[in-house]
Amino acid sequence: MPDVPELRQSKDERLLRVYHREGDLEAREQLVLRFMPLARQLASRYRHSGEPLEDLVQVACVGLLKAVDRYDPERGSGFTRYAVPTMLGELKRHFRDKGWALRVPRATQELTLKVSEALGSLPSKLGRSPRPRDVAEAIGVPVEGVLEAMEAATAYETTSLDAPRAGTEDEDWTHGDALGDEEPGYELVELGETLRGTLDALPARERLILRLRFEEDMTQAEIASCVGVSQMHVSRLLRRSLDRLSAVGAAA
């Protein structure tokens, strides 16, 4: 017997009534199996989103189950009309609440989904890969909005800093290795250069202590051992020297 849409819809409605009136789980299972291809079709609209298609199909199936359970056969005007927006809503909720690795404004998230859907449907209509302008015309937004959404899509999934860097043979070379470390030596060099012009106003021993502390980054205990005085005396000399330098700097 040919698959006539009217007959198919009639059978769907009958299964829905059996499930909701009698709690027949077999009828529910048959409905889910019958609408699985539709769930996959809706999920495939977002195959360019970066999420695995099978994961999206599972999300769409969750929406399908909700539609089957919530649909009222006595008041409904067709299960498909009810199921499609329910499954799409579940997919969009998944992207909005669970998918993004970084915080992105909701308006940008929704625009990104529209762009992803257009990227999935336009190739069959255009016979080629769509350009940003094609996508902009299809969803009714400026080209700049499409480009912003495509850039925002890169925030959907992040890479661990411990992951190996692409294009390198050394598996121990990670993304984290490319980040710079804080280098306290730069600050010490800058401070040394700042002090250099006014050090002549100090006695030789105090100049030595300042250089050892701020250029060589030695501790007060190490300076005391090097200069041959107590650590407490080094502390007093440092404080006095810095006070003198402040006074010279202020007078200049």
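Data block above holds the structure.
Residues numbered from 1 in each chain as written. Predicted model: local features only at pLDDT ≥ 70, side-chain atom pairs only at ≥ 80, totals over all residues. Heavy atoms only, no water.

Caption draft 1: Highlighting helix α3 (residues 53-70). If you check α3, its first and last C-alpha atoms are 26 Å apart, about what 18 residues at 1.5 Å a residue would give, namely 26 Å. All of the buried residues in α3 are L56, V57, V59, A60, C61, G63, L64, A67 and V68. (Helix = DSSP H or I, 4+ residues; strand = E, 2+ residues; numbered from the N terminus. Expected span 1.5 Å × (residues − 1). Buried < 20%, exposed > 50% of the residue type's maximum accessible area, 1.4 Å probe, protein only.)

Caption draft 2: Highlighting the pattern of salt bridges. Inspection of every chain in the model, using the stated rule, returns 9 salt bridges. Close ionic contact of D12 with R34 constitutes a salt bridge, the shortest N to O distance being 2.6 Å. Taken together, the residues span a long stretch of sequence, with D12 in helix α1 (residues 5-22) and R34 in helix α2 (residues 25-44) at a distance of 22 residues. The exposure class of R34 is partly exposed, given its relative accessible area of 30%. A single network of salt bridges, built from pairs that share partners, joins K66, E90 and R93. (Salt bridge = Lys/Arg side-chain N within 4 Å of Asp/Glu carboxyl O.)

Caption draft 3: Expanded view of the packing of aromatic side chains. Going through the model one piece at a time under the given rule, you end up with 3 aromatic pairs. Measuring from ring centre to ring centre gives 4.9 Å for F35 and F79, while their planes differ by 75 degrees; the resulting arrangement is edge-to-face. Separated by 44 residues along the polypeptide, F35 in helix α2 and F79 in helix α4 (residues 79-99) bring together distant segments of the chain. Accessibility expressed as a relative area gives 6% for F35, which makes it buried. Judged by its relative accessible area of 2%, F79 falls in the buried class. Where Y71 meets F79, the ring centres are 5.3 Å apart and the plane angle is 85 degrees; that geometry is what we call edge-to-face. The exposure classification of Y71 matches that of F79, with both residues buried. Members of the aromatic cluster, joined through ring pairs, are F35, Y71, F79 and Y82. (Phe/Tyr/Trp six-rings, centres within 6.5 Å; stacked < 30°, edge-to-face > 60°.)

Caption draft 4: Focus on the nonpolar core. Formed by 29 residues in total, the largest nonpolar core has its most connected members in Y46, L64, V68, F79, M87 and L91. Among the secondary structure elements, those contributing two or more residues to this core are α1, α2, α3 and α4. Excluding residues within four positions of it along the chain, V68 makes contact with L16, Y19, H20, R28, L31 and F79. One finds L202, F214, V234 and L238 within the second-largest nonpolar core, a separate group that totals 12 residues. (Core = buried A, V, L, I, M, F, W, Y, C linked by side-chain atoms within 4.5 Å. Contact = heavy atoms within 4.5 Å.)

Caption draft 5: Just the side chain of T86, in detail. By the secondary structure assignment, T86 is in helix α4. Judged by relative accessible area, which is 17%, T86 ranks as buried. Only 2.7 Å separates the side chain of T86 from the backbone oxygen of Y82, close enough to count as a polar contact. Non-local contacts of T86, meaning those with residues more than four positions away in its chain, are made with G63, K66 and A67. (Polar contact = N/O pair within 3.5 Å; in protein donor to acceptor, adjacent residues only side chain to side chain.)

Read these as spatial facts, not as claims about activity.
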